[in-house]
Amino acid sequence: MSDSGRGSAAEFTIHVPADVRRILETIEDAGYEAFVVGGCVRDCALGLPPHDWDITTSALPLDIKRLFYRTVDTGIKHGTVTVMSGNHGYEVTTYRIDGTYADGRHPDRVEFTDRLSEDLKRRDFTINAMAYSDSRGLVDLFGGREDLARKVVRCVGIPYERFGEDALRMMRAIRFCAQLGFSIDEDTYRAITDLAGNIRLVSMERVQAELTKTLLTPNPARISLYAETGLFRQILPEIDSAFDLCRREKTVRLLESLPPEKSLRYAGLLYFETPEEAERTLRRLKMDNQTIRDVKTILSARNLRIGENEADVRAAIHTYGLDSLKLIAAFDDGMTAAKEKITGFPPGRHRAHRLAIDRLMNTVISRHDPVNIRDLDITGEDLMAMGMQGRAIGEMLDRLMALVIEKPELNTKESLKGYVSRMLGHLQ
Ligand code: ATP
Ligand code: MG
């Protein structure tokens, strides 16, 4: 092995899946070096299941294509070839030295190298810069294992330089803190606070992707690091105030109390905004339309109280739809749990109310009560045949809906027609 050196922990082993081991061995048998690297080594060292296995190698992309039967040119310019094994693809990337990252993801220019140490040096954090193979053991040149033990995210090299090359790394640092429950090393933290302004160089799509990942971790409260470091002031000044002295605890507790679902966690983050303000913020973040719709629904129904009776429950299903009602209920539970954490008081009648509504909801749904216009036992054509036309038809259907929401037993063609005739007679 050139200069990569062996990690201090010769006893350290990772259980590499058979597919991945075969790939490493094939490359090594051809005379090159190959290691699993990055997130999978970090996660294994923490005893967590890795979600992908990335491989780094001294072999050039064309060598990899020669060595394996089925490959895909995923990012061959940047040195990455995907090797297929069964249905699964593994990214094999040639050791490289990166230029700057204009898009925050791919360096503008890469240079291949045959030194593992150079490849590890370009990686963002010490905990992400470890490599491992069964034949060579752990390669940990920057104290990654020690930082895992200390639970800190620390830059490889000089933080100012690393964040200067790629500003997205500042957000990645916070994301890994949230993902792993870590804190940020002091020098790395200081560099983020000093260079926070650089985050404006990163596209909103990438900012949003990192923010979303952070929000969906088991420690969404770590998101307050975005405010503390000054990153929010740069990218989302309107959210910054949700972390000021009086609101911070509420925001943090709420985020912690919500299930890891995108629209729920974004609604928690934007709790202090009106639905319209939240929409503006999310559009600026280039959020997808479905999430924007869901967040607006959740925020506009923040204080929705459904009466504990079947008619009110049918009306709520009609107005919001079942999927949205589930989100609204989950958000409501989160708010209640957050309040409980803050005040220390039990949530009073909230649980009983939620159970009562859930029971009513089940009854209404399993009985197939009418909750939508299409459930009505009368159609627009029926109304036309009765001489109605234009906008009046839609308005009549709405009235009939309101009627059967109150009294579902009236949802028969006969009684609805009777009602319509009486109304028409009345109007003439
Ligand atoms: P995850 O669990 O989210 O997949 P990961 O560590 O695998 O975490 P990826 O974004 O998949 O993160 O990147 C894989 C590896 O590539 C990282 O572990 C790190 O070594 C390196 N890396 C990724 N993005 C950057 C970056 N912006 N700057 C430097 N190195 C990076
Ligand atoms: Mg990964």
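Throughout, a residue's number is its position along its own chain's written sequence, starting from 1. Here chains are named by letter from A upward and ligands by number from 1 upward, in the order in which they appear as written. Thresholds applied to this predicted model are a pLDDT of at least 70 for local features of residues and 80 or more for the giving and counting of side-chain atom pairs; totals over whole chains, interfaces and linings are not thresholded and use all residues. The side-chain figures draw on all heavy atoms in the structure; neither hydrogens nor water molecules are used.

**Q** Would you explain the overall build of the protein in this entry?
**A** Strands are runs of DSSP state E lasting at least 2 residues, helices are runs of H or I lasting at least 4, and numbering of each runs from the N terminus. Scanning the protein from terminus to terminus reveals 22 helices and eleven strands. Considering only residue pairs separated by 6 or more positions, the protein has 65% of its internal contacts joining residues 24 or more positions apart. With an accessible surface of roughly 20,800 Å², the protein has 50% of that area assigned to carbon and sulfur atoms. Charge counting follows a simple rule: Lys and Arg are positive, Asp and Glu are negative, and His as well as the terminal groups are ignored. Every charge is mapped to an atom, namely NZ of Lys, CZ of Arg, CG of Asp or CD of Glu. Charge-centre separation for the protein: the mean point of 60 positive side chains lies 2 Å from the mean point of 65 negative side chains. Should any heavy atoms of two residues lie within 4.5 Å, those residues are counted as being in contact. Calculation of accessible area relied on Shrake-Rupley with a 1.4 Å probe; when residues are assessed, cover is drawn exclusively from the protein chains displayed.

**Q** What is the right way to read the domain arrangement of the protein from this model?
**A** Domain borders in the structure are assigned automatically or taken from a domain database. When its domains are assigned, the protein resolves into domain 1 (1–150), domain 2 (310–366) and domain 3 (373–427). On a C-alpha basis, the centres of domain 1 and domain 3 stand 67 Å from each other.

**Q** It is not clear to me how the pairing of strand β3 (residues 71–75) should be interpreted in this structure. Could you clarify?
**A** Two faces, one strand: in a regular strand the side chains alternate between the faces of the sheet. When DSSP finds two or more bridges between a pair of strands, those strands are recorded as paired. Bridge count between β3 and strand β4 (residues 80–85): three bridges; the pairing is antiparallel. For T71, the partnering residue across the bridge sits in β4 and is V83. In this antiparallel pair of consecutive strands, β3 and β4, the connection spans four residues, and G79 shows a positive phi of 95 degrees.

**Q** Would you explain the packing of helix α9 (residues 204–215) against helix α14 (residues 262–269) in this entry?
**A** For any two helices packed against each other, the geometry is given by the interaxial angle and the distance between the axes. For the pair α9 and α14, the least separation of the axes is 10 Å and the interaxial angle reads 95 degrees. By the angle between their axes, α9 is roughly perpendicular relative to α14. Between α9 and α14, the contacting residues are Q208, L211, T212 and L215 on the first element and K262, R265, Y266 and L269 on the second. In this analysis an axis means a line fitted to C-alpha atoms, helices contributing only their contacting stretch, and an angle means the value between N-to-C directions, from 0 to 180 degrees. For this classification, under 35 degrees means roughly parallel, over 145 means roughly antiparallel, 65 to 115 means roughly perpendicular, and everything else is oblique.

**Q** I keep staring at the packing of aromatic side chains and nothing clicks. Help me out?
**A** The geometry of two aromatic rings is summed up by the distance between their centres and the angle between their planes. Pairing of aromatic rings covers Phe, Tyr and Trp, the last counted by its six-membered ring, and requires centre-to-centre distances within 6.5 Å; plane angles under 30 degrees mean stacked, over 60 mean edge-to-face, and any other angle means tilted. Here the structure, examined in full by the defined rule, presents six aromatic pairs. Ring centres of Y271 and F272 lie 5.2 Å apart, and the angle between their planes is 90 degrees; on these two criteria the pair is classed as edge-to-face. Judged by its relative accessible area of 16%, Y271 falls in the buried class. For each residue, the accessible area found with a 1.4 Å probe, counting protein chains only, is set against the maximum for its type, and the residue is called buried under 20%, exposed over 50%, and partly exposed in between. Note on F272: relative accessible area 29%, which makes it partly exposed. Residues Y271 and F331 carry aromatic rings whose centres are separated by 6.3 Å and whose planes lie at 25 degrees to one another, so their mutual orientation is stacked. Taken together, the positions of Y271 in the loop between α14 and α15 (275–284) and F331 in helix α18 (residues 322–343) put the pair 60 residues apart, joining distant regions of the chain. The two residues Y271 and F331 agree in class, both being buried. Above the ring of F176, the side-chain terminus of R175 is found at 4.5 Å from the ring centroid. Geometrically, a lysine NZ or arginine CZ counts as sitting over a ring once it is within 6 Å of the ring centre and also within 35 degrees of the ring normal.

**Q** How should I be thinking about the site of ligand 1 in this particular structure?
**A** Taken together, 15 residues surround ligand 1, and among them R42, D166, R169, R172 and R175 come closest. The definition of a polar contact used here is a pair of N or O atoms within 3.5 Å, where within protein one atom must be able to donate a hydrogen and the other to accept one, and adjacent residues in sequence count solely through side-chain atom pairs. Separating an oxygen atom of ligand 1 from a backbone N or O atom of G39 is a distance of 3.4 Å. In the complex, 83% of the free accessible area of ligand 1, which totals 580 Å², lies under the protein chains. Those elements that provide at least two residues to the shell around ligand 1 are α2 (39–45) and α7 (168–180). Across the shell around ligand 1, the residue classes break down as two nonpolar, five polar and eight charged. When we say a residue is near a molecule or strand, we mean one of its heavy atoms is within 4 Å of it. Three categories are distinguished: nonpolar for Ala, Val, Leu, Ile, Met, Phe, Trp, Tyr, Cys and Pro, charged for Asp, Glu, Lys and Arg, and polar for the others, with Gly belonging to the last.

**Q** Can you walk me through the environment of R374 in this structure?
**A** Locating R374 in the fold gives a position in the loop between α19 (350–366) and α20 (380–385). The sequence separation of R374 and M401 amounts to 27 residues, and the corresponding C-alpha distance is 9.5 Å.

**Q** So what exactly am I meant to see when it comes to the pattern of salt bridges here?
**A** Two side chains carrying opposite charge are able to pair once their charged atoms lie near each other. Think of a salt bridge as a Lys or Arg side-chain nitrogen and an Asp or Glu carboxyl oxygen that are within 4 Å of each other. For the structure on display, the rule yields 40 salt bridges. We note a salt bridge from E228 to R248, for which the minimum N-O separation is 3.3 Å. Taken as a pair, E228 in helix α10 (residues 224–228) and R248 in helix α13 (residues 248–257) lie far apart in primary sequence, 20 residues in all. Here R248 falls in the partly exposed class, since its relative accessible area comes to 34%.

**Q** Any chance you could explain α18 here in plain terms?
**A** Because each turn of an α-helix spans 3.6 residues, side chains separated by three or four positions in sequence point in the same direction. The end-to-end C-alpha separation of α18 is 31 Å, in line with the 32 Å expected for 22 residues at 1.5 Å each. Along α18, the residues classified as buried are S324, L325, L327, I328, A329, F331, D332, G334, M335, T336 and A338. Following α18 by one or two positions, G344 adopts a phi angle in the positive range, close to 80 degrees. Expected helix span is given by 1.5 Å per residue-to-residue step, counting one fewer step than there are residues.

**Q** Help me out: how do you make sense of the packing of α18 against α19 in this one?
**A** Viewed as axis vectors pointing N to C, α18 and α19 meet at an angle of 170 degrees, and their least axial separation amounts to 11 Å. Relative to α19, α18 is oriented roughly antiparallel. Note on element contacts: α19 touches α18 through H350, R351, R354, M361 and I365, opposite L322, L325, A329, D332, D333, T336 and E340. Looking at the contact of α18 with α19, its residues break down into five nonpolar, two polar and five charged.

**Q** Explain the sheet that holds β3 to me, please; I cannot follow it from the model alone.
**A** Strands belonging to one sheet form pairs held by backbone hydrogen bonds; the direction of such a pair is parallel or antiparallel. Across the sheet, seven strands lie side by side as β3-β4-β5-β2-β1-β8-β9; this open sheet has mixed pairing. Of all strands in the sheet, those with a lone pairing partner are β3 and β9 (137–139), marking the two edges. Direction aside, the axes of adjacent strands within the sheet are offset by 35 degrees on average. Looking at chain direction, strand β8 (residues 131–133) and β9 are connected through three bridges and run antiparallel. Paired with S133 across the two strands is G137, which belongs to β9.

**Q** Which parts of the structure should I look at to understand the nonpolar core?
**A** Considering soluble globular proteins, one finds that nonpolar side chains tend to be buried as a cluster. In plain words, nonpolar cores are sets of buried Ala, Val, Leu, Ile, Met, Phe, Trp, Tyr and Cys residues tied together by side-chain atoms within 4.5 Å. Ranked by internal contacts, the top residues of the largest apolar core, which has 84 residues, are V36, L211, F232 and L269. Broken down by element, the residue count for this core peaks at eight residues, all from α7. When residues of this core are sorted by domain, at least three fall in each of domain 1 (1–150) and domain 2 (310–366). Non-local contacts of V36, meaning those with residues more than four positions away in its chain, are made with V16, V20, L24, V41, W53, D54, I55, M130, A131 and Y132. Membership of the second largest hydrophobic core comes to 16 residues, among which are L376, L383, L397 and I405.

**Q** What is the right way to read the pairing of strand β2 (residues 54–57) from this model?
**A** The sheet contact formed by strand β1 (residues 34–37) and β2 spans four bridges and is antiparallel. Considered in β2, the bridge of V37 is made with D54. Direction of pairing for β2 relative to strand β5 (residues 88–94): parallel, over a ladder of three bridges. Looking at β5, one finds that T56 is bridged to T93.

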